[in-house]
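Each chain is listed here by its residues.
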Amino acid sequence: MSATPHPGDPGAPPGPAAVVLLGPRGEVLASTEAVARLTGRTAAELRGTRLADLFTGPGEWPDLDELAAANAAGSGDRALRRADGGTVAVRLDVQPLAPGDAGQLVTLTDRAAARRADEDRALLRALFAQTRVGLAIHDRDLRISRVTADPSIPVRGGAVPATFTLPAAVSDLLIPEDAGALLDRLRRVAATGEPLGYWEHSARVTAAPDQERFLAVSASQLQDSGERLLGVLSVFTDITEQFQARRRMALLHTAAERIGPSLDVESNSEELAGVLVPEFADLAAVDLFDSVLSGGEPDARLLGVPVLRVAATTVDGEPWPDDTYPRGSAFRLDSLGEVRRPVGTILRDAEVSALRPKSLNDIAGTATALVPTRAGSRLTVPLRARGQILGSLSLWRAAARPPFTGQDSELVEEIGSRAALGIDNARRYTREHRTLETLQRSLLPRPVFEVSGAETAGSYVPANTAAGIGGGWYDVIPLSSARVAFVIGDVAGHGLNATATMGRLRTAVQTLADLDLAPDELLTRLDDLAIRLADVGAGHDDSPSGAVGATCLYCVYDPVTGLCSMAGAGRVPPVIARPGVPAEELPLKPGPALGVGGSPFETVRVKLDPGTLLLFFSDELVARAVREGRPDAALEPGDGQGRESGDGRPRETADGPAGGGDGNGGGDGNGGGDGNRGGDGPEDRADGAGGTDDGADRARARRLGVLRERAAAGAADGDSPDAVGRAVLDALLPGRSPANDVALLVARVRSLPEGATADWEFQAEPTVVAEARDCVLSQLKDWDLTGNAFPTELIVSELITNAIRYAGGPVGLRLIRDETLICEVSDPSETQPHLRRARPTDEGGRGLFLVAQLAHRWGSRYTPDGKTIWTEQLLERG
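Residues numbered from 1 in each chain as written. Predicted model: local features only at pLDDT ≥ 70, side-chain atom pairs only at ≥ 80, totals over all residues. Heavy atoms only, no water.

(A) Summary view of the pattern of salt bridges. One pass over the full model with this rule turns up 43 salt bridges. Taking the shortest distance from any N to any O, the salt bridge between Asp-118 and Arg-121 comes out at 2.3 Å. Remark: Arg-121 and Asp-118 occur in helix H4 (residues 111-129); sequence separation between them is three residues, near one turn of the helix. When salt bridges with common partners are traced through the structure, they connect Glu-297, Arg-386, Asp-424, Arg-427, Arg-428 and Arg-431 into a single cluster. (Salt bridge = Lys/Arg side-chain N within 4 Å of Asp/Glu carboxyl O. Helix = DSSP H or I, 4+ residues; strand = E, 2+ residues; numbered from the N terminus.)

Have a look at this one:
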């Protein structure tokens, strides 16, 4: 650094430097123009004057004569007298001339400017002497020409000796990848003059390329007094520890956000692998014990237990290595081989490579390793939660990245423990969900049910969460005289209590149905039961019973007459599809929900042709909306199937992603619930504008239209009820994953074969009893059921005699040949018979007892004109 100020330096006087040439006696021989401005004297006035005479005091160093005699250099501060009588403080820098030339060269500098120049030089010396903050000067070619200290020394893990000499290229110090990134930034600073402010980047030195090192770099352009480029100044600080700490915290924060919210075991496992790749590793795999996936308790034994790889992720979607078990592969580890660590501890590198699991399925192919066997770093961490090991997390880094360290192991162990808690919560939830679903299904009839009057198929589609399961149900109840009852209902609320209430109501309906009540009367009695359950069946938290607000639709079909009668309590009417005729909703006016009171229930009667389809369904099946911003975006007119989007992936349809579930009409899906219950999330609203009534109505109309189309197509093609149910669910619930459970009952009615019934009507006269017996015997002979002749003859005689004696006429008699022989006697009385045990002294009262002994089953029911007593006998051919 020059000691002579020049124009442009901070604090330097304007113009050229003040320089004086002295002769042998210290007289001024020549001076620059700046001296005249500084002293107030012209060059002519100064010539010949001794410079020492212009000073006011002796100073603190030898005078100019002594310096000249000693031919030595000197420097000091003096007060200089100006021509106007004033003084100016100056710094003198005295330099002797070359040997043989008598005289001196003196530079005069304003003391303040000289002071600042001293500070500048001291600052530079201090900056380049310290090592806490790196400082480097790069020349025009960006080679390092000056540096505070060797930047390779402060490397984690120990000192790396300097292997370069100045000037040196940046690539001599840093590995090519990091050097190239730094040089790009420095070139931009040199070309544009725009400073670089606190740029963080990797800076691994060539002497230790495997050790992570990060620098925070700032850079500025250096110019000379003519504003020409001299080079670039870079200031750098080692932030390796801070960077790694921030990265660990960011990874932990990401893991806390992404892992755990889901209550699905596989989703949590996939999130765990996704969090670590590519930020932390190049490959990640999550292996869980097979029992964990089904909600069971993990096995206490760790060796020899089946393990399933549920998540596998590679960086940037690279192909999965052939030598590594892929996702979906099952294997077990019989021993740790050469590993000498206890089971359930962290394993690294060679210890992981030594493990050789045994494949248990064909998915693995030729794979034999947990992680790739090629060059790289390996790490396996147990997933431990609540004192139990659920599985393991295996990681692999390519050789180009730094190997796993002890700090990395601690970090992965912490992330793994958090993930394990989320996985264990999902496991417990899965167990609860399956238990509740199993209980719900156990309270329902078998999916496919067939009787003489109808062929039915029921589908129960559970909700995707345990909070949505419970309450939806259906039933098919064989009634007397070959009739059949179809029932569908729903209980308000969800969960175990709703499932229990559903079981109670279903049992009550079956009991009331056995009384052969009309639909409206049955619902009236069920309504009374719901109120009674609400009064006496409140839970421990004083919450009302789930029976209040429950819905039910009860329908009775008679295959002899083809007449169908039904009544509803808070239920949507069923859809009827006759062959060759468009499907339509039956004009049923549903009454109020059970237990809430209101208008009485009304019965609707309709005549059905054989082959007609009846579809009873939960309202949510047609009321739910898509998850996109507008309702039913995936339903096109006449097509409810999910279509593929332009990228080949299944497009989300009316109820979620297409293609989920098995679509089994027998109830092996995952579906939603009845629309009368709450619990739908924002994604279930009818439209994207907040679920307006108009949007909900349009969505329901479209979905109901799809249901009618599927029903009409099934009726026209003669498809089985099971196939029709699958088609409806595939169109409206392709994902089988709604918010509430859904029940769907499809029934195809049919009539009894021609000639399977015979009926007569008699007057109330004692003589008709013999005539009735003759008619019955003749009909049984025609049906080849003479084996039933004797008991039937006695039953008919007893029942007709009682009708004539106690009820009057006319008296109806009907025989039905079905899976059993059915005998009916009708009379105009509404008095129900009662079976009693006659005492030995009683003259009567044994008739019904005799009927009960001869019949397989018997009972009575009210009719619009009185009552009917019926009996059933097992068929006995002659």
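Here the narrative resumes.
(B) Focus on the packing of helix H18 (residues 789-806) against helix H19 (residues 847-854). One can describe the packing of H18 onto H19 by two numbers: an axis separation of 10 Å at closest approach and a directional angle of 150°. Between H18 and H19, the angle is such that the two are roughly antiparallel. Once H18 is placed against H19, the crossing between them reads as left-handed. Contacts from Pro-791, Leu-794, Ile-795, Glu-798 and Leu-799 of H18 reach H19 at Gly-847, Leu-848, Val-851 and Leu-854. Split into classes, the residues belonging to the contact of H18 with H19 amount to seven nonpolar, one polar and one charged. (Axes fitted to C-alpha atoms, helices over the stretch in contact; angles between N-to-C directions. Parallel < 35°, antiparallel > 145°, perpendicular 65-115°, else oblique. Left-handed = near helix turned anticlockwise from the far one by under 90°. Contact = heavy atoms within 4.5 Å. Nonpolar A, V, L, I, M, F, W, Y, C, P; charged D, E, K, R; others polar.)

(C) How the structure looks around the sheet that holds strand E3 (residues 74-81). Pairing is antiparallel in the open sheet, where five strands are placed in the order E2-E1-E5-E4-E3. Edge positions in the sheet fall to strand E2 (28-31) and E3, since each of these pairs with one other strand and no more. Neighbour-to-neighbour, the strand axes of this sheet turn through a mean angle of 30°, independent of strand direction. With respect to the sheet, H4 is in contact with E3, strand E4 (87-96) and strand E5 (104-110), its orientation differing from that of E5 by roughly 95°. (Pairing = 2+ DSSP bridges.)

(D) Spatial organisation of the nonpolar core. Among the nonpolar cores identified, the biggest contains 55 residues, and Phe-486, Leu-526 and Tyr-554 are the most heavily contacted of them. In terms of residue count, the dominant contributor to this core is helix H12 (residues 495-514) (seven residues). Membership of the second largest hydrophobic core comes to 53 residues, among which are Leu-276, Val-307, Ala-385 and Leu-390. (Core = buried A, V, L, I, M, F, W, Y, C linked by side-chain atoms within 4.5 Å. Buried < 20%, exposed > 50% of the residue type's maximum accessible area, 1.4 Å probe, protein only.)

(E) Representation of the packing of aromatic side chains in the model. The final tally for this structure, using the stated rule, is four aromatic pairs. Both rings, one in Tyr-325 and one in Phe-331, keep their centres 4.7 Å apart while their planes meet at 25°; by these two values the pair is stacked. Residues Tyr-325 and Phe-331 agree in their burial class; the two are buried. Stacked on the ring of Phe-128, the Lys or Arg Arg-146 has its end atom at 4.1 Å from the ring centre. We note Arg-397 situated over the ring of Phe-280; from NZ or CZ to the ring centre the distance is 4.7 Å. (Phe/Tyr/Trp six-rings, centres within 6.5 Å; stacked < 30°, edge-to-face > 60°. Lys NZ or Arg CZ within 6 Å of the ring centre and 35° of its normal.)

(F) Local environment of a nonpolar patch on the surface. A cluster of nonpolar side chains, namely Leu-21, Leu-29 and Leu-105, defines an oily patch on the protein surface of about 210 Å² accessible area. Tracing the sequence through the fold places Leu-105 in strand E5. (Patch = residues over 30% accessible without salt bridge, like charges linked within 9 Å, V, L, I, M, F, W, Y side chains within 5 Å. Areas by Shrake-Rupley, 256 points an atom, 1.4 Å probe, with all protein chains shown as cover.)

(G) Structural detail: the layout of surface pockets. In this structure, the largest pocket spans a volume of roughly 1000 Å³. Taken together, 35 residues line the largest pocket, and the ones lying closest to its centre are Arg-861, Tyr-862, Thr-863, Pro-864 and Thr-868. Contributions of two or more residues to the lining of the largest pocket are made by helix H13 (519-536), strand E22 (551-558), strand E23 (563-569), strand E29 (757-762), strand E30 (811-817), strand E31 (820-827), strand E32 (857-863) and strand E33 (866-874). Across the lining of the largest pocket, the residue classes break down as 15 nonpolar, seven polar and 13 charged. (1 Å grid on protein atoms, 1.4 Å probe; cavity = no way out; pocket = protein on both sides within 12 Å on 5 of 7 lines; lining within 4 Å. Points joined across faces, edges and corners; volume = space filled by probe spheres on them.)

(H) Representation of unusual backbone geometry within the structure. The omega torsion of the bond from Val-277 to Pro-278 falls at 5°, within 30 degrees of zero and hence cis. Its location among the elements puts Pro-278 in the loop between helix H8 (265-276) and strand E11 (283-289). Residues Gly-809 and Pro-810 are joined by a peptide bond in cis, for which omega reads -5°. Phi is positive for Glu-227, which is not a glycine, with a value near 60°. Mapped onto the fold, Glu-227 is located in the loop between strand E9 (214-223) and strand E10 (229-238). Even without being glycine, Ser-481 reaches a positive phi, approximately 60°. By the secondary structure assignment, Ser-481 is in the loop between strand E20 (473-478) and strand E21 (484-490).

(I) Molecular detail of the environment of Ile-477. Looking at where Ile-477 falls in the secondary structure, it is placed in strand E20. A relative accessible area of 8% places Ile-477 in the buried class. Linking Ile-477 and Asp-514, residues 37 residues apart in sequence, is a C-alpha distance of 8.8 Å. Not counting chain neighbours up to four residues away, the residues in contact with Ile-477 comprise Arg-483, Val-484, Ala-485, Val-487, Val-509, Gln-510 and Ala-513.

(J) View of the sheet that holds strand E18 (residues 448-451). Read from one edge to the other, the open sheet built from six strands follows the order E18-E19-E28-E27-E24-E25, with strand pairing classed as antiparallel. Both outer strands of the open sheet, E18 and strand E25 (584-585), are each paired with one neighbouring strand and no more. Helix H16 (residues 721-732) rests against strand E19 (454-461), strand E27 (613-617) and strand E28 (742-749) of the sheet, and its axis sits at about 145° to E28.

(K) Examining the environment of Gly-787 more closely. Inspection of the secondary structure puts Gly-787 in the loop between helix H17 (768-782) and H18. Distance from Gly-787 to Glu-876, taken between C-alpha atoms, is 4.8 Å for residues 89 residues apart in sequence.

(L) How the structure looks around the side chain of Thr-107. In this structure, Thr-107 sits in strand E5. Judged by relative accessible area, Thr-107 falls into the buried class, the value being 11%. When neighbours within four sequence positions are excluded, Thr-107 is seen to be in contact with Ala-18, Val-19, Arg-91, Leu-92 and Asp-93.

(M) Spotlight on the confidence of the model for the protein. Mean pLDDT over the protein works out to 82, with 83% of the residues at or above the 70 mark. Low pLDDT, under 50, characterises residues 625-634; the predicted model gives this stretch 43 contacts beyond four residues in sequence or across chains. A low-confidence stretch, residues 636-691 (pLDDT under 50), is modelled with 181 contacts involving residues beyond four sequence positions or located in other chains. (pLDDT = per-residue confidence, 0-100.)

(N) Highlighting helix H6 (residues 176-192). Here H6 is 17 residues long and its end C-alpha atoms lie 24 Å apart, about the 24 Å a rise of 1.5 Å per residue gives. Where H6 is buried, its residues contact strand E6 (134-138), helix H5 (170-173), strand E8 (196-202), E9 and E10. Gly-193 sits one or two positions beyond H6 and adopts a positive phi of about 80°. (Expected span 1.5 Å × (residues − 1).)

(O) A look at the pairing of E28. Across the eight residues of E28, eight count as buried, placing the element largely inside the fold. Going residue by residue along E28, you find Val-742, Leu-744, Val-746 and Arg-748 tucked away on one face and Ala-743, Leu-745, Ala-747 and Val-749 tucked away on the opposite face as well. Summarising the sheet, E19 and E28 pair through eight bridges and their orientation is antiparallel. Paired with Ser-459 across the strands is Leu-744, a residue of E28. Both E27 and E28 contribute to a ladder of five bridges, which runs antiparallel. Across the sheet, the residue bridging to Leu-614 is Ala-747, located in E28.

(P) Representation of the packing of helix H11 (residues 406-442) against H12 within the structure. Running from amino to carboxyl end, H11 crosses H12 at an angle of 10°, the nearest separation of the two axes being 10 Å. The orientation of H11 with respect to H12, classified from their angle, is roughly parallel. Along the contact surface, H11 presents Leu-436, Leu-439 and Gln-440, while H12 presents Gly-495, Leu-496, Thr-499 and Met-502.

(Q) Molecular detail of the pairing of E27. Counting buried positions along E27 yields five of five residues, so the element is predominantly enclosed. Here E27 shows no split at all, with Leu-613, Leu-615 and Phe-617 on one side and Leu-614 and Phe-616 on the other all buried. Pairing of strand E24 (residues 575-577) with E27 involves three bridges; the strand directions are antiparallel. Its bridge partner lying in E27, Ala-577 is registered against Leu-613.

(R) Just the environment of Leu-303, in detail. Following the sequence through the fold, Leu-303 ends up in the loop between helix H9 (290-293) and strand E12 (307-314). In this structure, the C-alpha to C-alpha distance between Leu-303 and Leu-333, residues 30 residues apart in sequence, is 5.4 Å.

(S) Highlighting the state of the cysteines. Here the structure, examined in full by the defined rule, presents zero disulfides. For the unlinked cysteine Cys-555, the closest cysteine sulfur is that of Cys-564, found at 3.0 Å. According to the relative accessible area criterion, Cys-555 is buried, its value standing at 0%. (Disulfide = S-S within 2.5 Å.)

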